[in-house]
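# Coordinates in review
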Amino acid sequence: CFSIFYIYAKLVLAPHNELPVYVPMVAAFSMIYIFKYYGSLSVSGNFLCAVFFFALAPMTYKSGGLYSDNLLWMGSIPFLAFLFAGRIYGLLWLVALEIFVVHLYQLETSMPNSFRDQIKDYPADYFMVSWMLMFGVFTLIVYLFAKGEFQIVNQHRQNDWQLLHQ
C-alpha cells in the first residue's frame, strides 16, 4: 500500500524526490521473503530498518543535512525496530541514528556553507507531501503497536476467564 502511494507521490506530487521508485517495493517484497525464509520478524525488521537508513542517509546530505526532512523520516527507524525487531535492536538503531545526527552536526559547523542553503529552493509541495506521509507512517506505527497490545491484553483476559471457569 505504501509502495503504491509512494509511486503516486514520486511521479505526481514530488517528482524531484531522489529516492528511486523501486526502493520501497523491493524493500517490501524482500522483507516478506526474508520473513518467510528465516521465520524471524527480528531479521526482517532489521532489514527494513537498514533499507530505510541506507536509502535516506545519502539523500539527507543532498536535501538539507541537519535541516532535512529526510532526517526526520529517519526518526521512524528506531520505532520500526522496536515494533518489528525488539527492544535491543530499537536501542541500537537509536544509537546509530544519534551518531549520524552528530556527524551531520559536525559537518554543519565545519562547512563554509550551511546545509540550509540546499533547501531554500524546494517547492512547498515537496514539504507538504513529506509531512503528510510522515504523519501517516508515524500514526500507522503507533496503531500497529496499540493493536498488538490490545490483542495481548484480550488473550490474557480470555486465559484468566478460562482458568476461573475450569
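Residues numbered from 1 in each chain as written. Predicted model: local features only at pLDDT ≥ 70, side-chain atom pairs only at ≥ 80, totals over all residues. Heavy atoms only, no water.

This next bit is on the overall build of the chain. When helices and strands are counted, the chain shows eight helices and zero strands. What you see in the chain, going N to C, is helices and strands ordered as α-α-α-α-α-α-α-α. Buried positions account for 33% of the 166 residues belonging to the chain. When contacts within the chain are restricted to residue pairs at least 6 apart in sequence, those whose partners lie at least 24 apart make up 65%. Accessible surface, the chain: about 10,800 Å² in total, of which carbon and sulfur atoms supply 70%. (Helix = DSSP H or I, 4+ residues; strand = E, 2+ residues; numbered from the N terminus. Buried < 20%, exposed > 50% of the residue type's maximum accessible area, 1.4 Å probe, protein only. Contact = heavy atoms within 4.5 Å. Areas by Shrake-Rupley, 256 points an atom, 1.4 Å probe, with all protein chains shown as cover.)

Here the focus is the side chain of glutamate 108. Among the secondary structure elements, glutamate 108 is positioned in helix α6 (residues 87–110). Within the structure, glutamate 108 has its side chain in polar contact with the side chain of tyrosine 67 (distance 3.5 Å). When neighbours within four sequence positions are excluded, glutamate 108 is seen to be in contact with Leu66, Tyr67, Ser114 and Phe115. (Polar contact = N/O pair within 3.5 Å; in protein donor to acceptor, adjacent residues only side chain to side chain.)

Between helix α5 (residues 76–84) and α6, the shortest axis-to-axis distance is 7 Å and the interhelical angle comes to 165 degrees. Comparing the axis directions of α5 and α6 gives the class roughly antiparallel. Considering only the axes of α5 and α6, their crossing is right-handed. Packed against α5, whose contacting residues are Ile77, Pro78, Ala81 and Phe82, the element α6 presents Arg87, Tyr89, Gly90, Leu91, Trp93, Leu94 and Leu97 at the interface. Classifying every residue of the contact of α5 with α6 gives nine nonpolar, one polar and one charged. (Axes fitted to C-alpha atoms, helices over the stretch in contact; angles between N-to-C directions. Parallel < 35°, antiparallel > 145°, perpendicular 65-115°, else oblique. Left-handed = near helix turned anticlockwise from the far one by under 90°. Nonpolar A, V, L, I, M, F, W, Y, C, P; charged D, E, K, R; others polar.)

So, about the packing of aromatic side chains. Under the definition given, this model contains seven aromatic pairs. Here tyrosine 33 and tyrosine 37 contribute two aromatic rings whose centre-to-centre distance is 6.1 Å and whose plane-to-plane angle is 15 degrees, an arrangement assigned as stacked. Of the two residues, tyrosine 33 and tyrosine 37 both sit in helix α2 (residues 22–38), four residues apart, roughly one turn of that helix. An identical accessibility class is assigned to tyrosine 33 and tyrosine 37; each is exposed. Joined through ring pairs, the aromatic side chains of Phe53, Phe54, Tyr61, Trp93 and Phe100 make up one cluster. (Phe/Tyr/Trp six-rings, centres within 6.5 Å; stacked < 30°, edge-to-face > 60°.)

So, on to the confidence of the model for the chain. Of the residues in the chain, 85% have a pLDDT of 70 or more, and the chain-wide mean is 79. Ranking the elements of the chain by mean pLDDT puts helix α1 (residues 2–13) last, at 51, and α6 first, at 92. (pLDDT = per-residue confidence, 0-100.)

Turning to the nonpolar core, a few remarks are in order. Residues Phe53, Met74, Ile77 and Phe100 are the most contacted members of the largest nonpolar core, which totals 24 residues. Among the elements of the structure, α3 (41–62), α4 (69–74), α5, α6 and α8 (124–164) are those that each provide at least two residues to this core. Here this core gets seven residues from one element, more than from any other, and that element is α3. Every residue in contact with phenylalanine 100, bar those within four places of it in the chain, is listed here: Phe53, Ala57, Thr60, Tyr61, Leu71 and Met74. (Core = buried A, V, L, I, M, F, W, Y, C linked by side-chain atoms within 4.5 Å.)

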